[in-house]
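# Results of the structural survey
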Amino acid sequence: MKSILITGGAGFIGSHTCLQLLQQDYFLYILDSYVNSSPKIAERLDKLLCQINQKLRDKFKFIEGDIRDESMIDGIFKCSINENRPIEGVIHFAGLKSVAESVSSPSLYWDVNVGGTIKLIRIMEKYSCRTIVFSSSATIYSENNRSPLSEDSEIKPYNPYGQTKANIENLLKDLYTSNDSCWRVINLRYFNPIGAHPSGLIGEEPRGKINNLFPYLNQVASGNIKELKIYGNDWPTIDGTGVRDYIHIMDLADAHCLALNYLIKEKKATLLSINIGTGRGTSVLQLLKTFESVNSCKIPFRFVDRRLGDIAISYASNDLASSILSWRPKRNLSNMCIDGWRWQKLNPYGYE
Ligand code: NAD
Ligand code: UDP
């Protein structure tokens with residue numbers, strides 16, 4: 001069994017990925033500061049594993065800590081050696097992800113995302129662990145590109161959050177090209193993950209101000225927010241509303257398992273950047289109508305001005321994910337809306 005460090009493993013994407021990895025031949029050290037998640041995720045994972053297979057319950061360990069704390073990360077690697085299961089790879093989710101907050105607090109975003117990654121990399125080098133799957137983002141692509149976006153589309157982030165992601169990719173590229181090491185790196189560039197595990201036991205728990213469309217839909221459907229404000233109805237799209245590539249969180253979790261398995265088997269230095277999206281664009285109104293129809297509810301909405309920094313259309317070409325990882329999305333928009341709403345109904349106050 002291989003041991004893997006999962007940073008940010010208590011978060012939305014991390015928790016779903018941990019669940020999938022635990023059903024494979026991995027032991028997980030899961031590091032999180034809980035700045036944007038809840039320690040209660042451990043109980044939920046345990047409950048789910050109990051339902052799947054009792055034997056999987058002892059295959060993970062949560063550690064509370066900040067990725068900027070180098071000695072703490074060192075301690076986790078040391079501990080993995082003492083426990084006779086040295087960490088052989090890392091999936092690096094930990095980081096801050098609000099575009100709006102990154103505009104108001106850029107230094108915080110550089111410190112946590114870039115600074116934290118540097119600390120992590122230094123310890124990985126110390127322990128000769130050179131396998132990493134990194135959470136990158138479609139946000140790094142230039143707003144002038146035309147969708148579908150392929151991995152060689154121009155990279156030109158237009159906000160500090162995107163800058164931090166692009167710069168971490170640059171750092172990983174420099175490591176890969178350095179002569180004296182054999183780094184194996186996959187940057188997964190996610191599009192718009194939504195939905196939840198079909199059990200309704202784990203899902204996205206938005207904290208603070210909600211910015212993204214899907215959590216907002218959930219809040220309006222719950223009656224906590226009166227109406228959805230749709231940012232613009234004059235975009236050059238099918239119905240005038242913004243188009244994005246929504247992907248089921250379980251499909252995204254599966255992509256991480258495939259990426260990690262790929263790197264673990266690979267013997268030579270590797271650097272891959274791979275889009276993870278469905279390859280289909282969906283407008284705000286299309287998502288809203290699907291949500292209403294599959295969940296038999298009504299979402300009041302109102303058109304307002306365009307949101308600053310938004311683009312009309314963004315969706316992925318996922319040919320590389322398909323050819324290299326044999327990954328294809330298995331869940332559709334209806335599954336995303338049903339599973340996401342189930343999570344919301346069962347957990348109106350999140351994990352609390
Ligand atoms: P999330 O906020 O739910 O998960 C991130 C986790 O990292 C949280 O549990 C948080 O507590 C933890 N964390 C933050 N700063 C930390 C620090 N300094 N030390 C230790 N832990 C820390 O977000 P997510 O949606 O699961 O995203 C995971 C990763 O994927 C992030 O890096 C994000 O930028 C990236 N990403 C997300 C999306 C998206 O739409 N959700 C899209 C593209 C990329
Ligand atoms: N959007 C909206 N109202 C909201 C939140 C988002 O109309 O309250 C729109 C937004 O303009 C974009 C789409 O929904 O066209 C997806 O936005 P989100 O923030 O979820 O993803 P991103 O734009 O970061 O890809």
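Not measured: the values here are computed from a predicted model.

## Side note on the sheet that holds strand β5 (residues 131–137)
A sheet is described by the order of its strands in space; here 7 strands give the open sequence β3-β2-β1-β4-β5-β6-β11, paired in parallel fashion. Both edges of this open sheet fall to β3 (60–64) and β11 (270–276), since each of them pairs with a single strand only. Averaged over all pairs of adjacent strands, the angle between their axes in this sheet comes to 15°, without regard to strand direction. The sheet contact formed by strand β4 (residues 87–92) and β5 spans 3 bridges and is parallel. Bridging across to β5, Ile 91 finds its partner in Val 133. In the packing of helix α1 (residues 12–22) onto the sheet, the strands contacted are β1 (2–7), β2 (26–32), β3, β4 and β6 (184–190), and the crossing angle to β2 comes to about 165°. Across the sheet, helix α8 (residues 249–265) lies against β1, β2, β4, β5, β6 and β11, angled at about 165° from β6, the strand it touches most.

## Topic: the site of ligand 2
Around ligand 2, 15 residues are found, and the nearest of them are Leu 213, Lys 229, Arg 244, Arg 307 and Asp 310. At a separation of 2.9 Å, an oxygen atom of ligand 2 approaches a polar backbone atom of Tyr 231. Arg 244 is positioned with one of its side-chain polar atoms (N or O) 2.9 Å from an oxygen atom of ligand 2. Protein burial of ligand 2: of its 520 Å² of free accessible surface, 88% is covered by the chains. For the shell around ligand 2, the elements supplying multiple residues, two or more each, are α7 (213–222) and β8 (228–231). The biggest single contributor to the shell around ligand 2 is β8, with 4 residues. Looking at side-chain class alone, the shell around ligand 2 contains 7 nonpolar, 4 polar and 4 charged residues.

## Some thoughts on the pairing of β1
Across the 6 residues of β1, 5 count as buried, placing the element largely inside the fold. Where β1 meets β2, 6 bridges bridge the pair, whose relative direction is parallel. From the neighbouring strand, Leu 5 faces β2, where its bridge partner is Tyr 29. On the question of chirality, the crossover connecting β1 to the parallel β2 by way of α1 is right-handed. Relative to β4, β1 runs parallel, the two being bridged by 5 bridges. Within β4, the residue paired with Ile 4 across the bridge is Gly 89.

## Section: the packing of aromatic side chains
Evaluated as defined, the whole model comprises 7 aromatic pairs. Note on Trp 343 and Tyr 351: the rings are 5.1 Å apart at their centroids and 55° apart in plane angle, and the pair reads as tilted. Of the two residues, Trp 343 and Tyr 351, neither departs from the other in class, the shared state being buried. Joined through ring pairs, the aromatic side chains of Phe 214, Phe 291 and Trp 341 make up one cluster. A cation over a ring is seen here: Arg 306 above Trp 235, with NZ or CZ 3.8 Å from the ring centre.

## Description of the site of ligand 1
Around ligand 1, 27 residues are found, and the nearest of them are Asp 32, Asn 36, Ser 37, Phe 93 and Tyr 161. A distance of 3.2 Å separates a nitrogen atom of ligand 1 from a polar backbone atom of Ser 33. In this structure, Phe 93 approaches ligand 1 through a main-chain N or O atom, which is 2.7 Å from an oxygen atom. Per element, the largest residue contribution to the shell around ligand 1 is 3 residues, and it comes from β5. Of the residues contributing to the shell around ligand 1, the split by class is 13 nonpolar, 10 polar and 4 charged.

The rules we used
- Residues numbered from 1 in each chain as written.
- Chains lettered and ligands numbered in written order.
- Predicted model: local features only at pLDDT ≥ 70, side-chain atom pairs only at ≥ 80, totals over all residues.
- Heavy atoms only, no water.
- Pairing = 2+ DSSP bridges.
- Helix = DSSP H or I, 4+ residues; strand = E, 2+ residues; numbered from the N terminus.
- Axes fitted to C-alpha atoms, helices over the stretch in contact; angles between N-to-C directions.
- Contact = heavy atoms within 4.5 Å.
- Near = heavy atom within 4 Å.
- Polar contact = N/O pair within 3.5 Å; in protein donor to acceptor, adjacent residues only side chain to side chain.
- Areas by Shrake-Rupley, 256 points an atom, 1.4 Å probe, with all protein chains shown as cover.
- Nonpolar A, V, L, I, M, F, W, Y, C, P; charged D, E, K, R; others polar.
- Buried < 20%, exposed > 50% of the residue type's maximum accessible area, 1.4 Å probe, protein only.
- Right-handed = clockwise from strand over helix to strand, strands pointing away.
- Phe/Tyr/Trp six-rings, centres within 6.5 Å; stacked < 30°, edge-to-face > 60°.
- Lys NZ or Arg CZ within 6 Å of the ring centre and 35° of its normal.

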